[in-house]
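Read off the chains here:
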Amino acid sequence: MKLHGSMEIRENELYIGGVGCRQIASEYKTPVYVFDEQLIIDNCREYRKYFKAEENGNRVAYAGKAFLPSYMCRLMKEEKMCLDVVSGGELYTAYKSGFPMENVFFHGNNKTREEVEMGVAYGVGKFVVDNFYELDMLEEICERENKVQEIYFRITPGIEAHTHEYIKTGQIDSKFGFALVNGDYYNAIEKLKEYDRVKLVGIHAHIGSQIFDIDPFLDEVDVMMNLVKETKEKYGIELTDVDLGGGIGVYYTDEDKPKAIKDFCEAIIERTEKTCSEIGIDVPKLVIEPGRSVVANAGSTLYTIGSIKEIKDVRVYVSVDGGMTDNIRPSLYHAGYECSIVNKMNSNTDNKVTIAGKCCESGDILISNVAVSEIESGDTLITTSTGAYGYSMSSNYNKIPKPAVVAVKDGKITPVCRRQTFDDLMELEL
Ligand SMILES: Cc1ncc(COP(=O)(O)O)c(C=O)c1O
Ligand SMILES: N[C@@H](CCCC[NH3+])C(=O)O
């Protein structure tokens, strides 16, 4: 198992942020998500530095869909990050946490009237407008509220990225954005002539998630810069901002070969400058929206092992006290993970087992055929890289309460979210 960020082994036991994993498990019970705060901070600083946030005024917007308790909103504010939100719930969390609303990008392919009204009332920096329905509604609400709203158009650039079918977004057949091929982007620009409350200042695209190859991002840069030029020439509209979305892949298992944040940012900036100079336009302000690459490796999940079932000549099922309710990604995307027993870090064997969850679904398998040390019931198992799309996609299937979340740094544990109780699960019932 690869050690990320501040992880270290002391006398055969795994420590994160200077805290022993057994201590966390015993104080907070299991399952529990553990976040390495310093690693989140380091990732944000790396992004801001190499994306030239200070130097060029480019912006790095953390994609809150990956993990957004108010703890993250506060941390992102401290780290001078912007925020990408996609729903009223995320927007509300940011607002209540005191996140500066002018640094919020409001996404979503079907924002409701209530959400659009909320965004306008809170004063979000940019609406990333996805479709004609939203554009009309936003103009009408801004007119009523006597406000002017800066917007980006989300476009579908027609770029195929190599990633799981469910997390591709940039291809032509997509529910997101105004397509270029069918002329919808140009029709949307024409529509702006009738409107004076929405002000188009930029374009946005997002080609998918968990992408390792930089080339599709560079193709995206070219499409976007050419569109900036065309929009100016055809319509006289000066687009000052280009938002390239998120999607940079991370390490889950040794099959994944991610690019360093530095290399990714430098390649994007270099290509933008080159293309802009070739086609003769000013370099716009760039925005990127990383989610996974900010928090995935910083998060881990601790479980307690219960039943161990050996089916001779077939498989050994090792069941934990969580599963698809706290990590849906293996069932949904066949995502791979690594694991270890937290107090047997130096004693791995070749014995292969399958780590199963406790849900009433045969597909509730967290990791298949993984080699771990000798396992006993009661051991604490860690799965790493669960920081992105783990807690945020968790559910109460089988009426299983959501785990607690803690952050660790410099030997201290900070509670982030409390564990749900059975009473919480009945709270909505009338
Ligand atoms: C519009 C948009 N921006 C940013 C992201 C964040 O992507 P990732 O977590 O892969 O960096 C996503 C999710 O794929 C997205 O849909
Ligand atoms: N939730 C997905 C990624 C979707 C990204 C959001 N557009 C995952 O866990 O990989």
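Residues numbered from 1 in each chain as written. Chains lettered and ligands numbered in written order. Predicted model: local features only at pLDDT ≥ 70, side-chain atom pairs only at ≥ 80, totals over all residues. Heavy atoms only, no water.

If you check an unreviewed UniProt entry, the chain appears there as Diaminopimelate decarboxylase from Peptacetobacter hominis. Taken from UniProt, the Subunit (unreviewed entry) comment for the chain reads in full: "Homodimer." Per UniProt, the chain has the following entry under Pathway (unreviewed entry): "Amino-acid biosynthesis; L-lysine biosynthesis via DAP pathway; L-lysine from DL-2,6-diaminopimelate: step 1/1." (UniProt positions renumbered as here; feature names shortened; annotations may be inferred.)

Participant: Got a minute to help me understand the side chain of D424 in this structure?
Facilitator: On the secondary structure map, D424 appears in helix α13 (residues 422-426). Taking the relative accessible area as the measure of exposure, D424 reaches 17% and is therefore buried. Discounting residues that sit within four places of it in the chain, D424 has contacts with R418 and R419. (Helix = DSSP H or I, 4+ residues; strand = E, 2+ residues; numbered from the N terminus. Buried < 20%, exposed > 50% of the residue type's maximum accessible area, 1.4 Å probe, protein only. Contact = heavy atoms within 4.5 Å.)

Participant: Can you walk me through the sheet that holds strand β2 (residues 13-16) in this structure?
Facilitator: Strands sit in the order β1-β2-β3 across an open sheet of three strands; the sheet is antiparallel. Every interior strand has two partners, whereas the edge strands, β1 (8-10) and β3 (19-20), have only one. Two strands pair when backbone bridges link them, and β1 and β2 are joined in this way by three bridges, in the antiparallel orientation. Directly across from R10, in β2, lies its bridge partner E13. (Pairing = 2+ DSSP bridges.)

Participant: What should I look at first to understand helix α10 (residues 261-279) in this one?
Facilitator: Three- or four-residue spacings in an α-helix give side chains the same orientation, since the helix completes a turn every 3.6 residues. Taking 1.5 Å as the rise per residue, α10 with 19 residues should run 27 Å; its terminal C-alpha atoms sit 27 Å apart, in good agreement. Taken together, the buried positions of α10 are occupied by I261, F264, C265, I268, I269, T272, T275, C276 and I279. Buried residues in α10, looked at end-on, bunch into an arc of 140°, giving them a common side. Exposed and facing more than 90 degrees away from the buried side of α10 are E270, S277 and E278. As for α10, its buried residues are in contact with α2 (37-50), α9 (215-235), β13 (285-288) and α11 (292-295). (Expected span 1.5 Å × (residues − 1). Arc of directions from axis to C-beta.)

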